[in-house]
Each structure stands twice: as C-alpha cells, then as structure tokens.
Amino acid sequence: MCGIVATIGSREVVPLLLKSLQRLEYRGYDSAGLATVMPGQLHCRKAEGKLVHLREKLEKSPVAGCCGIGHTRWATHGKPDVRNAHPQLDEADQVAVVQNGIIENHRLLRQGLEQQGVRFRSDTDTEVIPHLVAQALADLRGTAPPTDLLRQAVARAVEQLEGAYALAVVWQGQPGELVAVRYNAPLLIGLGEGQFFCASDTPALAGFASTIVSLEDGEMARLTPLGVELFDGSGQRIQRTPQPLRGDDYTANKRHFRHFMLKEIHEQADVAAAWVERCLAAPADESLATVLRNVQRVQLLACGTSRHAALVGAHLLEQLAGVPSSVHYASEFRYAPPPLMPQTLTIGVTQSGETADTLAALTIEMERRHALEPNVPPLMLGITNRADSSLGRLVPHVLDLKAGVEVGVAATKTFLGQMLAFYGIALLLASQRHGASAQVKACRQALEQLPEQLSRTLHAMDQCCAELAHGFAETRDVIYLGRGINYPIALEGALKLKEISYIHAEGYPAGEMKHGPIALLDQHVPVVSIATPGPVFEKVLSNAQEAKARDARLIGIGPVCGDTEIFDVLLPIPPVHELVSPLLTIVPMQLLAYHVAAHRGLDVDQPRNLAKSVTVE
Ligand code: F6R
C-alpha cells in the first residue's frame, strides 16, 4: 500500500512532509523516510517502524530544503527494515524516488541493470526506478532542455515499468522541481499558497492545499515553486480544473478514549442517528430510486469487512426486497467474473474507496458493460466513506456513509455505516416493488429505535467485554457461530479478533459446525454464538448445545430470555426485530475483540502487517 507525499515551494518542507506522512500512516507503518534536495545536495533519512522513529532520527540529524519527498511503507518486496525503506536512491545518491504500488517486472529490469554493472542496495521492486531515471538522465543530457530533463527522464523510466504505481522523484541536479506519475494507484496534486504538493490521499493535503487535481492513469505532473504542469501519457501538456479540497476534519483526536478504535466503536450510535435523520426520516433519495427502479438482480463486490457488510446487504436485498443477490470477493471476481445478466446492479463496497481489488473488479465490470451497451450508463453503485476517492470517480453513483474519519485500522463504524446503507437500499427496493409491506414497516420502526438501543448497548457492553477479556489471556483459538443475517456478523467478529489480538478465530454458519469444525472443540476453545429470536433461533441454540457437550465455553450474544440461559456468559442486546439485529449484535463482537487486544497490550489502532487502505493486489 504505502503513502507518498512530495512538496515544493517557499517553505522548509520537512515539517510539512512529517505532518502529511502522519496522516498517511493508515496506509502502512512498516518504515518511513524522506529526502530533500538543495543545489548540489540530496539528503535522505529513513527509519524502521512507525513515523515516530523517523522523527527521532531527524531530531538528531536534521535536514533542510524547500523541495522534498516522503514515504510511509507497507512492505511488499523486502523486509520492513531501513535498507528497504523509501526513498530509494540511484548509485550516485542523486536521484530519490518514493513509490506506492508494485512494479511487476522489477526482476527482469533488475537483471538487466545488474548486467550493466548497477549495484542494488535493497530488495525492493522500487529500486529499479532511481537507477532507470539516472540512466535516462545520463542519456538525455544535452538533448533535452535542462528545464525538462527530469520529466523526460522519468517518462523514459516509467515506459519500462509494468504494474501499478504512484511515484514522486527528486534529483539534486534540478532542486527546483519534482516529478510525479500515476498508473493504477492513487495520486493527487494539491495547490496551496506558494506551496505545491502531491500525495496518495487528501488527508495528507488538508490544511496545506485549498484545491486538488487528481491525476489519471499515465499522467505526469511537474511541480516547481511557481506551480504545477500536467502532462498526458504522450508528454503533451494538459489542463484540468482544480476542485476544492473538502474540509474534512482529519485532526481527529481520541477524546477520553484509550484508542481510536474504542472511540470509533462508541461513535456508532451517532452514525446511526445521523443515518436515521438523513435516510429514514427524509424523503427517499431520488437519484438512488432511479438507479434501483428496473434492477432485477444485484451483485456485490468487496473485500474483508466490507464483504461482510455486503453479505448482510445481500440477505436484506433477497429477504426484504426479493431481489436475487450475490456477493463476490473482488479479488476473485476480477479474474473470473460470472456471466453478465441484464438489469444487474453492481455495487462496489469499500470504506476507503481505494482498495485495488475492488476498483479493478469494478473497472472490469464497467468495461464489459460498455462493450455490450456503449451508450447506456452502467448500472453501478459505490458505497464508501470517502466519496472523494478513486471509487467516487469511477462509478456513476455513490452512497457516502458520512461516518466521519476512521483512524483505527480495524473497520468498525464504517462497517455499521455500510450495513445501514444496505438497509436504505433494501427498504427503497422493497417499497418500489411491494409498497409498504408489514415487514418493511416493522423494519423501519425497528431502525428508528436503533440509535437509542445502540447507545444503551455500547455503554452496557463496554464493561462486560472488558471483564470477559481477562479470560482470553491464554486463548489460542475461538469459534464464532451465527446463522442467517447474523452469519456475516460471526465472520466479522472472528476477523476483528484475528486482526487486532492475533488470536486465531473462525466464523461459521452455526449449522455447519457439525460438518467438521466441531472436531476443534474442547475446554480451551471458546465458542461465541449469536442467538437472536427469529426463524433460526432454536436451531442456533441447538448448535450451541452441541458445542457445550464438547466442553467448549459458550459465550452468547442475544436478548436476555429463558432460552439464552444455556450460555456460560451472555452479552445481552435489547430485544430487536431479527432483520435489524446485526446492527446490535456487532457491538459485543467489536468490544470483545478490542478489549482482548487492549488487555494483551497490543497496538490496537495499528495492528501488525495491516493497513487501512489496501492499494496493491
Ligand atoms: C478489517 C478491514 C479490512 C477491510 C478490507 C477492505 O477491519 O478493515 O478487512 O475491510 O481491507 O477495505 P475497504 O473497505 O477499504 O475496501
């Protein structure tokens, strides 16, 4: 994934780069680095681990300059150590490059360069780039005008690259300039007062730039202290009107909470309240109603937690609106899309709006629709918390979750927001098809109660889960069970625990347990089972009994009633309409995972090996 930033202008750039990198750390935190250029000098500092280590290094060994590039890394090629941190340099330490993406043909390029005598100093795919730029600079010197030399050299280097990349390059031979290129990875240009930027994402630009221009694939930008020039893939100058940079509050703080994740779990009551006001109390969204009018089936593309929200969505679309729906891992769909059926609505679900697999799957879908019906706008929708993301630019309609900035890498309030978006879609589709049926009315009424119920559950559950977490000190495996609309919540509970506590956990449809996973059970493997009244309530309780008979410790999530007495521990939720229950059963799942991880003293907000925005395949 990685985050890149570069800036040039009238100010010392190190404080700006550090601030921007801090806001990009959600994209990876395996290492961080920056480079500045001044006439005849290039200074580079890199540190393993989080940005704080780079800051410490810079305090001991400061660098100056009004032109620089910075990087925060999520390791793909090569261990997360200083050698492999970016910027990567050419042999003469004159060209520095930061890159986000994957250079797929790097092995071949490296072999070629090594045969010419170039010595590599890292295991990264990126290192080929500074060497290629350095070679191109040497070749072009004397033929290209000095003011265009770096741009032409970078163009020549990227011609040889295959894969997906966003990169920024500085060269000590031209310290008043930096060059940025994008291909299948996000890159934005930010325009401030006498200061110009490029960065992987808008938070890096907030407060520094007032307007942004997004680069399209193959386009290049040259940034100087006087402004920004854009070029298309053939090197022709292009013009693009800058858009205002949305004033989102990226300066989120933890308030009185110990971690962002805990704060964001608690913010879910507000997310629900805002959604009820926006989507339930207000008249239906006309443009969404138009999109949905003739839909005959829905296919949902997503990854990770977003895919779990999509599974809840598919259940609602089928059971509430009667529309056949299928959920696909975006990473699988992109290589084996099912045959395209008429009047199929494709929905891409991604909180970040930048997940490479989801974007690629949607692009494929868009292309094949265009090939079939070139003059018809594709029946496609995006659900995201970042309407200004690549997803927002790709699909014709976007549902903005408006959940606010989510800092914790493990998605919580955006998951709730995604589920709510599906309630909105399913209710609208159901009303279009069947009018205000009893089920639709009951569901709407239950949703109106949600903010208050969520707020009560959050407060009651926090302490319960904190106490329960003590019992997980030695736990190595946990099984999560759910059925029907709560099966995706079992999957999500297991994913949350895995991600932040590093405990192995699996989610199963409760009825499947006896077909194999039951062999795992003994007194050391707790079973978390979601049991909410509805058509499968009794079945779930029977499945829980089967686990209890194998000595497993049973933790139940459901309302307090005689039936739920079978659980060793009950994490109670208010009695609620079954179709709406995932919006409440998710709360104990999130809080349990949080408290287990916090109790183990782990880095809850930035768990190892993960990143909030997965922009590589
Ligand atoms: C889990 C988590 C990931 C993401 C996945 C997709 O807490 O956050 O599983 O859900 O990487 O990300 P988005 O939603 O940005 O497409």
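Before reading on, note that the structure itself is shown above.
About the criteria used
Residues numbered from 1 in each chain as written. Predicted model: local features only at pLDDT ≥ 70, side-chain atom pairs only at ≥ 80, totals over all residues. Heavy atoms only, no water. Helix = DSSP H or I, 4+ residues; strand = E, 2+ residues; numbered from the N terminus. Rg over C-alpha atoms; globule rule 2.2 N^0.38 Å. Buried < 20%, exposed > 50% of the residue type's maximum accessible area, 1.4 Å probe, protein only. Contact = heavy atoms within 4.5 Å. Areas by Shrake-Rupley, 256 points an atom, 1.4 Å probe, with all protein chains shown as cover. Lys, Arg positive; Asp, Glu negative; His and termini not counted. Charge placed at Lys NZ, Arg CZ, Asp CG, Glu CD. Expected span 1.5 Å × (residues − 1). Near = heavy atom within 4 Å. Polar contact = N/O pair within 3.5 Å; in protein donor to acceptor, adjacent residues only side chain to side chain. Nonpolar A, V, L, I, M, F, W, Y, C, P; charged D, E, K, R; others polar. Domains from an automatic or database assignment. Pairing = 2+ DSSP bridges. Axes fitted to C-alpha atoms, helices over the stretch in contact; angles between N-to-C directions. Core = buried A, V, L, I, M, F, W, Y, C linked by side-chain atoms within 4.5 Å. Parallel < 35°, antiparallel > 145°, perpendicular 65-115°, else oblique. Left-handed = near helix turned anticlockwise from the far one by under 90°. Phe/Tyr/Trp six-rings, centres within 6.5 Å; stacked < 30°, edge-to-face > 60°. Lys NZ or Arg CZ within 6 Å of the ring centre and 35° of its normal. Salt bridge = Lys/Arg side-chain N within 4 Å of Asp/Glu carboxyl O.

Caption draft 1: Looking closely at the overall build of the protein chain. Per the secondary structure count, the protein chain includes 17 helices and 25 strands. A compact globule built from 617 residues would reach a C-alpha radius of gyration of about 25 Å, and the protein chain, at 26 Å, matches this within 12%. Taking the principal axes of the C-alpha coordinates as reference, the protein chain spans close to 85 × 55 × 45 Å. A burial count over the protein chain gives 59% of its 617 residues as buried. Partitioning the contacts of the protein chain with sequence separation of at least 6, the portion at a separation of at least 24 is 72%. Accessible surface computed for the protein chain: about 23800 Å², of which carbon and sulfur atoms make up 51%. Each charge class in the protein chain can be summarised by its mean position, and for the 56 positive and 66 negative side chains these summaries are 1 Å apart.

Caption draft 2: A look at helix α13 (residues 413-434). In this model, α13 (22 residues) spans 31 Å end to end at C-alpha, consistent with the 32 Å of a helix rising 1.5 Å per residue. Taking burial as the measure, the 22 residues of α13 include 17 buried ones, the bulk of the element. One or two steps after α13, the chain reaches Gly435, where phi turns positive at roughly 65°.

Caption draft 3: Quick look at the site of the ligand. In the vicinity of the ligand lie 15 residues, with Ser306, Thr350, Ser352, Thr355 and Glu499 positioned nearest. Measuring from an oxygen atom of the ligand, one finds a side-chain N or O atom of Lys496 at 2.9 Å. For the ligand, the protein covers 91% of the area, taking 410 Å² as the surface of the free molecule. Elements represented by at least two residues in the shell around the ligand include exactly α9 (304-319) and α15 (487-501). Taken together, the residues of the shell around the ligand sort by class into six nonpolar, seven polar and two charged. When residues of the shell around the ligand are assigned to domains, at least three fall in each of domain 2 (260-448) and domain 3 (453-617).

Caption draft 4: Representation of the pairing of strand β25 (residues 569-572) within the structure. Side chains Val569 and Leu571 of β25 all project onto a buried face; the interleaved residues Leu570 and Pro572 project onto a face where none is buried. Bridge analysis of strand β24 (residues 554-558) against β25 gives four bridges, and the strand direction is parallel. Residue pairing in the sheet places Ile557 in a bridge with Leu571 of β25.

Caption draft 5: Molecular detail of the sheet that holds strand β1 (residues 3-9). Overall, antiparallel pairing links the eight strands, which are arranged β3-β2-β4-β1-β10-β9-β11-β15 in an open sheet. With one partner strand each, in any of the chains shown, β3 (41-48) and β15 (243-244) form the two edges of the open sheet. Note that strand β9 (residues 188-191) and strand β10 (residues 195-199) share four bridges and pair antiparallel. What sits directly across from Leu191, in β10, is Phe196. The strands touched by helix α1 (residues 14-24) are β1, β2 (31-38), β4 (67-73) and β10; relative to β1, the strand with the most contacts, the crossing angle is about 155°. The sheet strands contacting helix α2 (residues 51-60) are β2 and β3, and the helix crosses β3 at an angle near 135°.

Caption draft 6: The nonpolar core, seen in detail. In terms of nonpolar packing, the biggest core is built from 94 residues, with Ile347, Met419, Tyr423, Ile425, Leu447 and Tyr480 touching the most fellow members. A total of 13 residues in this core trace back to one element, the largest contributor, which is α13. In contact with Tyr423, not counting residues within four places along its chain, are Trp275, Val312, Leu316, Cys443, Leu447, Ile485, Leu579, Val580, Pro582 and Leu583. Counting 30 residues, the second largest nonpolar core, distinct from the first, contains Leu137, Ala157, Val158 and Trp171.

Caption draft 7: Quick peek at the packing of helix α3 (residues 106-115) against helix α4 (residues 128-140). Packing of α3 against α4 brings their axes to within 10 Å, and their N-to-C directions diverge by 50°. By the angle class used here, α3 and α4 are oblique. Between α3 and α4 lies a crossing whose hand is left-handed. Across the interface between the two elements, His106, Leu109, Arg110 and Leu113 of α3 pack against Val128, His131, Leu132 and Gln135 of α4. Counted by class, the contact of α3 with α4 contains four nonpolar, three polar and one charged residues.

Caption draft 8: Region of the structure containing the packing of aromatic side chains. A full pass over the atoms with the stated rule returns two aromatic pairs. Seen in terms of ring centroids, Phe197 and Phe208 are 5.6 Å apart; in terms of plane orientation they differ by 10°. Their pairing is stacked. You can see Phe197 sitting in strand β10 and its partner Phe208 sitting in the loop between β10 and β11 (211-214), a full 11 residues away along the chain. With a relative accessible area of 1%, Phe197 lands in the buried category. Note that Arg608 overlies the ring of Tyr502, its terminal NZ or CZ placed 3.8 Å from the centroid.

Caption draft 9: Spotlight on the pattern of salt bridges. If you walk through the whole model with that rule in mind, you get 27 salt bridges. Its salt-bridge partner being Arg255, residue Glu267 comes within 3.6 Å of it at the nearest N-O pair. On the criterion of sequence distance, the pair formed by Glu267 in the loop between α6 (260-266) and α7 (268-280) and Arg255 in the loop between β15 and α6 is long-range, its members being 12 residues apart. Classification of Arg255 as exposed rests on a relative accessible area of 51%. Within this structure, Asp148, Arg151, Glu177, Arg222, Glu229 and Arg237 form a network of salt bridges that share partners.

Caption draft 10: Up close: the sheet that holds strand β22 (residues 504-509). The five strands lie next to each other as β22-β21-β23-β24-β25, forming an open sheet whose pairing is parallel. Whereas interior strands pair on both sides, the edge strands pair on one side only; in this sheet they are β22 and β25. The mean inter-strand angle of the sheet, taken between neighbouring strand axes irrespective of direction, is 20°. With six bridges joining them, strand β21 (residues 477-482) and β22 adopt parallel strand pairing. Considered in β22, the bridge of Val478 is made with Ala505. Set on the sheet, α15 makes contact with β21, β22 and β23 (527-530); between it and β22 the angle comes to about 175°.

Caption draft 11: Expanded view of the side chain of Gln590. If you trace the backbone, Gln590 turns up in helix α17 (residues 582-599). Leaving out residues up to four positions away in the same chain, Gln590 has contacts with Met261, Ile265, Gln268, Thr412 and Phe415.

Caption draft 12: Quick peek at the pairing of β1. Burial analysis of β1 places seven of its seven residues in the buried class, the great majority of the element. Taking every second residue as pointing to the same face, both faces of β1 are buried, with Gly3, Val5, Thr7 and Gly9 on one and Ile4, Ala6 and Ile8 on the other. Sheet analysis places β1 next to β4, joined by six bridges and oriented antiparallel. The residue bridging Ile8 from the neighbouring strand is Cys67, located in β4. For β1 and β10, the ladder comprises five bridges, and the chain directions are antiparallel. The residue bridging Thr7 from the neighbouring strand is Phe197, located in β10.

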